[in-house]
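A structural walkthrough
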Amino acid sequence: MTAPPVTLAAGALRQTGRLFALGATVFGQMWRRPFQVREFVEQFWFIAGVTILPTAFVSIPFGAVISLQVGSLTQQLGAQSFTGGASVLAVIQQASPMIVALLVSGVAGSAICADIGSRKTREELDAMEVLGVSPIQRLIVPRVLACVAVAFLLNGLVSVVGVGGGYFFNVMMQGGTPGAYLASFSALAQLPDLYIGEFKAILFGFIAGVVAAYRGLNPRGGPKGVGDVVNQAVVITFVMLFSVNLVITGIYLQIVPPKGG
């Protein structure tokens, strides 16, 4: 028998509230001591190791597709001189943070969710609480911070590789000139464009880590439930990332005036 819509909505609201409560708890626990440095370093190394190469390989076609599409549109409009600026801004503001967030959540977030979920089903987290050890401070905070740090650093890598790929394809395949590409970028871009990209990467990394940890803390049905919550964590993270990106982009475009505007 299917639950009534009101019950489903109430359950969704409760889950959302618990997710935000966990995020607030993790943020508050970040400043408490002792900080788990070893756990953070291990998780940072693991996440970086499994995401660097996929991120670099994905950023090249992303930058190329954006540059080719923008170049084609600017040629139709007779504004080829703005190809570089438009494509670079699209990569830095939108594509780079989203690529990093999707890979961190899909690769690292699923591993974090599976690890926390397995510990939960084996009652390791309950044993830690009995011993007076906070599982959030001991296990979740280092993993979330590792996601944030890796996302922040990978965003710079994706920006460089994506812009380089767009530059190559625009100059080699569409007949653009290097000077015009760089001149349009310097004419349209400004430092806040870079800041908003890095801010998005940090926030998206935090969201990916918190969602993965939350679903890992709430598995159902033993080992099979762990697999289910891993899939749910990835889907929920994707939906949240696109929604948050829409809100941040709208606010940024209203607050920060365009260069020369």
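Rules of the game
Residues numbered from 1 in each chain as written. Predicted model: local features only at pLDDT ≥ 70, side-chain atom pairs only at ≥ 80, totals over all residues. Heavy atoms only, no water. Patch = residues over 30% accessible without salt bridge, like charges linked within 9 Å, V, L, I, M, F, W, Y side chains within 5 Å. Areas by Shrake-Rupley, 256 points an atom, 1.4 Å probe, with all protein chains shown as cover. Salt bridge = Lys/Arg side-chain N within 4 Å of Asp/Glu carboxyl O. Helix = DSSP H or I, 4+ residues; strand = E, 2+ residues; numbered from the N terminus. Buried < 20%, exposed > 50% of the residue type's maximum accessible area, 1.4 Å probe, protein only. Phe/Tyr/Trp six-rings, centres within 6.5 Å; stacked < 30°, edge-to-face > 60°. pLDDT = per-residue confidence, 0-100. Contact = heavy atoms within 4.5 Å.

Attention now goes to a nonpolar patch on the surface. A surface patch of nonpolar side chains, amounting to about 390 Å² of accessible area, comprises Ile52, Leu53, Phe57 and Leu157. Looking at which element gives the most residues to the nonpolar patch, the answer is helix α2 (residues 37-77), with three residues. As for its position among the elements, Ile52 is in helix α2. Look at Ile52 and you get partly exposed, because its relative accessible area is 38%.

What characterises a pair of aromatic rings is the spacing of the ring centres plus the angle enclosed by the ring planes. For the structure on display, the rule yields two aromatic pairs. Consider the rings of Phe27 and Trp31, whose centres lie 5.7 Å apart with planes at 80°: the pair is edge-to-face. On the basis of relative accessible area, Phe27 is assigned to the partly exposed category, the value being 45%. The exposure class of Trp31 is exposed, given its relative accessible area of 60%.

Okay, the confidence of the model for the protein chain next. Looking at the protein chain as a whole, the pLDDT averages 80, with 86% of positions reaching at least 70. Highest mean pLDDT in the protein chain belongs to helix α7 (residues 191-217) (88); lowest belongs to helix α6 (residues 178-188) (70).

What follows deals with the environment of Val229. With respect to the element layout, Val229 can be found in helix α8 (residues 222-255). Put simply, Val229 and Arg215 are 14 residues apart on the chain and 5.6 Å apart in space, counted from C-alpha to C-alpha. Not counting chain neighbours up to four residues away, the residues in contact with Val229 comprise Cys113, Arg215, Asn218 and Pro219.

With respect to the helices and strands, Ile140 occurs in helix α5 (residues 135-173). Its relative accessible area of 2% is what places Ile140 among the buried residues. Linking Ile140 and Tyr214, residues 74 residues apart in sequence, is a C-alpha distance of 9.3 Å. Sequence-distant contacts of Ile140, defined by excluding residues within four places in its chain, comprise Val26, Ile116, Pro135, Ala213 and Leu217.

With that out of the way, let us pick up the pattern of salt bridges. Per the counting criterion, the structure on display carries eight salt bridges. Of the charged contacts, one joins Arg143 and Glu39 as a salt bridge, the two residues approaching to 2.8 Å between their closest N and O atoms. Of this pair, Arg143 sits in helix α5 while Glu39 is found in helix α2, placing the two residues 104 residues apart along the sequence. What makes Glu39 buried here is its relative accessible area of 11%. Here Arg143 ties to Asp115 by a salt bridge, and the two come within 2.8 Å at their closest N and O atoms. Within this pair, whereas Arg143 is found in helix α5, its partner Asp115 is found in helix α3 (residues 83-121), the two being separated by 28 residues in sequence. Here Arg143 falls in the buried class, since its relative accessible area comes to 3%. A network of salt bridges, in which partner residues are shared, links Glu39, Asp115, Arg119, Arg122, Glu124, Arg138 and Arg143.

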